[in-house]
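Report on the structure
Residues per chain, in single letters:
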Amino acid sequence: MHEKMNIKQKFYTSLSLLLVILMMLVGCTSKPSAKNELKDNGNNTFIKGKLTIYAENNFRSAIDLFLYSFNLSYPKLQIEWATKDKADIIITDRIPEEQMSEFAVLNSTIEDYQNIFLDSLIVKKGEDIIAVPLFLELDAIWYKETFFAEKNVSAPLLLNDLATSKLNEQYPAISYSGNAETLFWSILAPIYLSNGGQPYELQSGSLNKAILETTLMHFETLKQNKILNTADSPESLFTKNLTQFWAANISDVCGVKNHITNFDSVTFMPSVISNNQDADNIVIRSSSLAVKKNCDINLVEIFLSELFSDRYLTGLSVNLKMPLACKTSYNSHSIPEFVVKNNSVIALPSVKIHYLNCLWDDDTKSKLITPLQNFINDSISLEVACETMIQ
């Protein structure tokens, strides 16, 4: 018990250190301003045109809120939703390397406010900026401290503790939606790195066979101990205290904040999927914004200068609790209050944080995620899964 308390104490004492590191990496905030000649003495009603935009579902409501405000300021600049292949502006968690030539170079477009972006999450082709981070992507194994406190037990923060927990008789250990991509980033990727894998291998989707095989053997341990449990609505189990842990993206966790009484008790501990806290890793990605070539760059500059304004980003952070991957001036931090108060991107001092951009195309995603899901479901063997994932 004393050892577990020390682990948790170290976990919480790393809060200020990581925040300082984030501040140093991101830098200070400046108020963005559009570098265009379309504005006529501040009268935005003279600005006309049309842009199309695509964002993945979990962020569309946030963008819709921005578009409502934007349309009030620029009533004749029409912004419409479009499919990913047709949109001028794309917000996505994957920027395939072979498609980078389709996007505009943003160096001069964002130079007035480039210091709000974490450099490690800017997508570049050489020195050219192809995409900039907007929303944080963090897949982890989440839990509520109050869940275990109400049962007068310590949260099982190591895999052996979770595998032998008496609560397993009544509650699923880790629930997830059945989407193996969440398990790839929350479990496979950290364990792969612990086994000697490199971040660029995860980023490109080109995995080392020997390391992947060792990593999948770790999944065998999880399966044998019935740690992973598919659920139709794992978020409901989590909010109703019917599961111990929830494997999910941070945006999904933020999405249920209004259904959790003690939301401040929600956090995560990376060591729950291993027994060696000295080898734990966290992978932090982002949903990035890219701009297609051949659209009106002057209109794009106006749109981006408003989207990345401190006023709007602060609204996302404070009011919507959206997980941002760029800096606002609110309380001098770059991430929402939920992340700060609940240590959601913090680990033990020995834990390594890896910032990477996902460069998979659709074929690479299918090659990695489908066999992983089939392996977890016992539809294929470890050997077949490994061979398929490295093709």
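Report follows, based on the coordinates. Note that the structure is predicted; figures quoted are calculated from it, not measured.

About the cut-offs
Residues numbered from 1 in each chain as written. Predicted model: local features only at pLDDT ≥ 70, side-chain atom pairs only at ≥ 80, totals over all residues. Heavy atoms only, no water. Helix = DSSP H or I, 4+ residues; strand = E, 2+ residues; numbered from the N terminus. Expected span 1.5 Å × (residues − 1). Bend = angle between axes of the 7 residues up to and from the residue. Buried < 20%, exposed > 50% of the residue type's maximum accessible area, 1.4 Å probe, protein only. Polar contact = N/O pair within 3.5 Å; in protein donor to acceptor, adjacent residues only side chain to side chain. Core = buried A, V, L, I, M, F, W, Y, C linked by side-chain atoms within 4.5 Å. Contact = heavy atoms within 4.5 Å. Phe/Tyr/Trp six-rings, centres within 6.5 Å; stacked < 30°, edge-to-face > 60°. Lys NZ or Arg CZ within 6 Å of the ring centre and 35° of its normal.

This part covers helix H6 (residues 180-194). For H6, with 15 residues, the first-to-last C-alpha span of 20 Å sits near the 21 Å given by 1.5 Å per residue. The axis of H6 is deflected most strongly, by about 35 degrees, at leucine 188, and proline proline 190 appears within four residues downstream. Most of H6 sits out of view: 14 of its 15 residues are buried. Put simply, asparagine 179 is the residue that caps the front of H6, since its side-chain oxygen is 3.0 Å from the backbone nitrogen of glutamate 181. Following H6 by one or two positions, glycine 196 adopts a phi angle in the positive range, close to 110 degrees.

A word on the nonpolar core. Counting residues in hydrophobic clusters, the biggest one holds 50 residues, and the most contacted among them are Phe184, Leu216 and Phe219. Ranked by residue count, the leading element in this core is H6, at ten residues. Discounting residues that sit within four places of it in the chain, leucine 216 has contacts with Leu188, Leu372, Phe375, Leu382, Ala385, Cys386 and Met389. Listed in part, the 42 residues of the second largest apolar core include Phe66, Val132, Cys295 and Met322.

Turning to the packing of aromatic side chains, a few remarks are in order. Inspection of the entire model under this criterion finds 19 aromatic pairs. Note on phenylalanine 66 and phenylalanine 70: the rings are 5.6 Å apart at their centroids and 40 degrees apart in plane angle, and the pair reads as tilted. One end of the pair, phenylalanine 66, and the other, phenylalanine 70, are both in helix H3 (residues 57-73), four residues apart, so they sit about a helical turn from each other. Of the two residues, phenylalanine 66 and phenylalanine 70, neither departs from the other in class, the shared state being buried. Summarising the aromatic geometry, the rings of tryptophan 185 and tryptophan 360 are spaced 5.2 Å apart at their centres and angled 20 degrees between planes, so their arrangement reads as stacked. One end of the pair, tryptophan 185, is in helix H6; the other, tryptophan 360, is in the loop between strand S12 (352-355) and helix H14 (362-376), and 175 residues separate them in sequence. Across the pair, tryptophan 360 and tryptophan 185 agree in class, each one buried. Over the face of the ring belonging to tryptophan 81 we find arginine 60, whose NZ or CZ atom lies 3.9 Å from the ring centre. The side chain of lysine 144 reaches across the aromatic face of phenylalanine 238, ending 5.3 Å from its centre.

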